[in-house]
Structure formats: C-alpha cells, structure tokens
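# Descriptive analysis of the structure
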Amino acid sequence: MVSIGGSVLAPDLEESVVQGHADAIEQLDATGIDLGVVVGGGSVAREYIEAARNLGENEIALDDIGIGVTRLNARLLIAALDDIAAPAPIESYQGGLEAMRRGDVPVLGGVTPGQTTDAVSAALAEYVEADLLVYATSVPGVFTADPDEDETARHIEAMTPQELIDVIVDTELVAGSSAPVDLLAAKLIERSGMRTIVLDGTDPDRLVDAVLRGDHDGTDVTADGAQTMLPEWQ
Ligand SMILES: Nc1ncnc2c1ncn2[C@@H]1O[C@H](COP(=O)(O)OP(=O)(O)OP(=O)(O)O)[C@@H](O)[C@H]1O
Ligand SMILES: O=c1ccn([C@@H]2O[C@H](COP(=O)(O)O)[C@@H](O)[C@H]2O)c(=O)[nH]1
C-alpha cells in the first residue's frame, strides 16, 4: 500500500512531477505486486480549508472540502497512469479491495471526515492484508519533533508503533493539519502490526527502491522497532 502526500504528488501542479510518480507506480505494478495507492491533498487542500474556515465553516465540513481536494489529486494521478488504474477515485475500503481483485490499481483520496489520508492508507492496508505500507511524504521520515519547528529534532531510523504514537500524539486534530503520519493511522498500524516505512517521496525512485529492494533512508516502523530486512517477496 502506497500513500503519496499531496505535497509530494503535486507541489506546484507540474505534469512532469505527477508523471514521475505514475511511472514509479507502473514500474512496481509491472513486477506483479498487487498495489493500492492513496493520495493526499497537499497545500491546495490546506488553502481551501483555511479559506472556508475563515468563512466560518465547521471542522467536519472543512474535512469534506479536504476530501474533495484529495480526490481531485487522485484523478490527476489516474490521468497519468496508463490503463492499470481503476478509472475513477475509489471512495471506500471495500471498493479498493474489489478493484485489486479485478487486477486494477485502486487510487483513493479521502474516505471520511475526522482523519487524513494517512489513516485511509493504514485502514486499506489492513483491509487488503497488505505486506507493506509506505508513506511517501515531504520529510525524510519521522523525527523526534517537527523538523520544521524544532532544529534539535533528530531523525528516527527505526521505531515501534507505540513510539510512533508517542511522537505524534500531541499533533493537532483539525482539518488540514500536518504530520508525517496521523494518530489514527499510527493506532491502526499498531493494531495490525503492519510493516511500515515513512520516507521522503519527492523523488519517486525512492519509493521503488524501498518496495523492491528494502533500500531507503526513511523510518522503519516494526513491532520490535528494528530496521526491516528485504521485502518478503524477494
Ligand atoms: N515528528 C515529526 N517528524 C516529521 N515530520 C513532522 C513531525 N511532526 C510534524 N511534522 C510535519 O509533518 C509534515 C509532513 O506531512 P504533510 O502533512 O505536510 O505532508 P504529507 O503527509 O506528504 O501529506 P499532504 O501534503 O497531502 O498533507 C512536515 O511538513 C513536517 O513539518
Ligand atoms: O479520509 C479523509 C482524508 C482527508 N480528510 C481531510 O482532507 C485533508 C487533506 O488530507 P491529507 O491526507 O492531510 O492531505 C485532511 O487534513 C482532512 O481535513 C478527511 O477528513 N478524511
């Protein structure tokens, strides 16, 4: 299961960047791996959410605006993928599994208010019993604190799901909030024991290297907090 942050997929709405991520997905799909993809909303979602918040909208309605933008980004990725993807953004976990059973790559944005696409990825990964969950985000993994806010923040190479929860537990739960992985996602990762990698996804090759070769500079989240070995399918 691959989660691509909106800030990674479409930082400036450049076609070549979107195409680069689509090429990476196609490369993974060509190996025969069953794939699902979840796409975030990025700065566009945050701008819409902020404008609507200033207009007096409530948080659930703001989440719905965010979901709309994530689905727009999902459409953009689908446009760049050849015919391997389901033709429209999938709106439920069951729909994601059904697409995978048909042999299509499901591309999802948001599913329900009160969470982010981080949680969508973790839930879908659990639902389809994925072997691996990769978050391609705008930072090179999980840090001891927000690296944009705290210059003493240290990069974490490997951690347990509980340690992940401890790091992000204080992040805000409002529409458009920023975290490498949201709290619900971390709890889902904990209960499913899903092997998870958080990495800098700005270069799509890093996603391919991580999935195919277990090679990455991000953060491994595993039950024992150890760095993962090569993927099981190798
Ligand atoms: N402990 C932490 N470790 C790493 N990054 C953190 C931490 N706490 C907060 N952050 C912030 O999380 C952000 C990364 O998540 P962000 O939500 O911006 O992007 P994304 O997950 O790629 O998805 P999208 O752009 O769609 O929202 C970074 O900008 C970083 O400042
Ligand atoms: O299932 C979902 C997914 C997203 N949202 C809202 O959209 C924004 C943007 O999503 P990101 O994953 O952070 O890019 C998010 O902050 C939520 O407000 C949602 O409600 N439910």
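Residues numbered from 1 in each chain as written. Chains lettered and ligands numbered in written order. Predicted model: local features only at pLDDT ≥ 70, side-chain atom pairs only at ≥ 80, totals over all residues.

With an unreviewed UniProt entry as reference, the chain is termed Uridylate kinase, source organism Halodesulfurarchaeum formicicum. A UniProt comment under Sequence similarities (unreviewed entry) is attached to the chain, and it reads "Belongs to the UMP kinase family." In its Catalytic activity (unreviewed entry) section, the UniProt record describing the chain reads: "UMP + ATP = UDP + ADP". (UniProt positions renumbered as here; feature names shortened; annotations may be inferred.)

### Things to note about the overall build of the chain
Secondary structure summary: the chain contains 9 helices and 7 strands in total. At 16 Å, the chain has a C-alpha radius of gyration in line with the 17 Å of a compact globule built from 234 residues. Counting only C-alpha atoms and orienting by the principal axes, one finds that the chain spans roughly 50 × 45 × 30 Å. The buried share of the chain, reckoned over its 234 residues, is 44%. Partitioning the contacts of the chain with sequence separation of at least 6, the portion at a separation of at least 24 is 66%. (Helix = DSSP H or I, 4+ residues; strand = E, 2+ residues; numbered from the N terminus. Rg over C-alpha atoms; globule rule 2.2 N^0.38 Å. Buried ≥ 20, exposed ≤ 12 C-beta atoms within 10 Å, placed from the backbone. Contact = placed C-beta atoms within 7 Å.)

### Brief notes about the site of ligand 2
Taken together, 22 residues lie around ligand 2, and Gly40, Asp63, Gly66, Gly110 and Thr117 are the ones closest in. Every element with two or more residues in the shell around ligand 2 is listed here: α3 (42–54), α4 (59–80) and α6 (117–127). The element best represented in the shell around ligand 2 is α4, accounting for 4 residues. Here the shell around ligand 2 is built from residues that sort into 6 nonpolar, 14 polar and 2 charged. (Near = placed C-beta within 6 Å. Nonpolar A, V, L, I, M, F, W, Y, C, P; charged D, E, K, R; others polar.)

### A closer look at the site of ligand 1
Taken together, the neighbourhood of ligand 1 is formed by 20 residues, with Gly5, Gly6, Ser7, Gly40 and Asp146 sitting nearest. Counting residues per element, the shell around ligand 1 draws most heavily on helix α1 (residues 6–9), which supplies 3 residues.

### Here we look at the UniProt feature "domain: Aspartate/glutamate/uridylate kinase" (unreviewed entry) in the chain
Per the UniProt record, "domain: Aspartate/glutamate/uridylate kinase" (unreviewed entry) is annotated on residues 2–200. What you have in residues 2–200 is 47% helix and 10% strand, and the ends, taken at the C-alpha atoms, are 13 Å apart.

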